[in-house]
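# Observations on chain architecture
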Amino acid sequence: MYRPLLQKKNKHRVNEKIDARKVRLVGDSSIENGIYSIQEAIQFSRNRELDLVEINPKLNPPVCKILDYKKFLYEQKKRKKQFKAKQIKVNTKEIRFGPQIGDHDGKVKIKSAEKFLMRGDKVKVFVFFKGRSIVYKDQGKIKLLKFAEEIEEYGKVEQMPVMEGKRMYMILAPKKF
């Protein structure tokens, strides 16, 4: 079966591919901003050895700019890459324990939560109830609140304790230093 190669679709229409009769030119300091016929706009762009690029096709008449299209695409790609690099990816770490956790075990869990929060990760703390331990829901909530109190210099409570099935959880977010 023959399949033609798919052409990469450009986001913008350029030069003769613009199908409007009139366009609004913006951004070029040597030409007065305003509405021009498509032929005039293309002629302006050819005189400067640049491209006429449709920036906003939804308006009537469509908004166009005279610029170097390849350079424009390169700068857009570069901007997108910089924006992506500035985004902070937040990981969520989980810590779980039962409602009857001992003091020493609790301190170990707190130390690991502090380490996660200092790294900038969120921490989801679970109290899981097995079998008949579901009777101790209030004890589980108290443990979670004490946990939050112990760790308050490193993180703040983003979501208060919530019961979900046989486990109760709370979410802690790192404090900005």
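To start, this report covers the structure provided alongside it.

Thresholds, definitions, all that
- Residues numbered from 1 in each chain as written.
- Predicted model: local features only at pLDDT ≥ 70, side-chain atom pairs only at ≥ 80, totals over all residues.
- Heavy atoms only, no water.
- Patch = residues over 30% accessible without salt bridge, like charges linked within 9 Å, V, L, I, M, F, W, Y side chains within 5 Å.
- Areas by Shrake-Rupley, 256 points an atom, 1.4 Å probe, with all protein chains shown as cover.
- Salt bridge = Lys/Arg side-chain N within 4 Å of Asp/Glu carboxyl O.
- Lys, Arg positive; Asp, Glu negative; His and termini not counted.
- Charge placed at Lys NZ, Arg CZ, Asp CG, Glu CD.
- Helix = DSSP H or I, 4+ residues; strand = E, 2+ residues; numbered from the N terminus.
- Buried < 20%, exposed > 50% of the residue type's maximum accessible area, 1.4 Å probe, protein only.
- Contact = heavy atoms within 4.5 Å.
- Polar contact = N/O pair within 3.5 Å; in protein donor to acceptor, adjacent residues only side chain to side chain.
- Pairing = 2+ DSSP bridges.
- Right-handed = clockwise from strand over helix to strand, strands pointing away.

Another point: a negative patch on the surface. A cluster of acidic residues, Glu149, Glu150, Glu152 and Glu153, forms a negative patch at the surface. With respect to the helices and strands, Glu152 occurs in the loop between helix H4 (137–150) and strand S7 (155–164). Using a relative accessible area of 48% as the deciding quantity, one classes Glu152 as partly exposed.

Residue Pro61 is reached from Asn60 by a cis peptide bond, and omega for that bond is -5 degrees. By secondary structure assignment, the location of Pro61 is in the loop between strand S3 (51–56) and strand S4 (63–67).

Using the criterion set out here, one finds five salt bridges in the structure. Across the pair Arg13 and Asp19 runs a salt bridge, and its minimum N-O distance is 3.1 Å. Given a relative accessible area of 60%, Asp19 falls into the exposed group. One salt bridge connects Arg119 with Asp121, and the closest N-O pair in it is separated by 3.1 Å.

Attention shifts here to the environment of Asp51. The residue Asp51 is located in strand S3 in this model. If we ignore the near neighbours within four places in the chain, the residues touching Asp51 are Val14, Asn15, Ser45, Lys65, Ile66, Leu67, Asp68 and Tyr69. At 3.1 Å, the side chain of Asp51 and the backbone nitrogen of Tyr69 are in polar contact.

A few words on the pairing of strand S5 (residues 92–97). Relative to strand S6 (residues 122–128), S5 is paired through six bridges, and the arrangement is parallel. Paired with Thr92 across the two strands is Lys122, which belongs to S6. On the question of chirality, the crossover connecting S5 to the parallel S6 by way of helix H3 (residues 103–119) is right-handed.

Function cannot be read off these values alone, since they describe shape.
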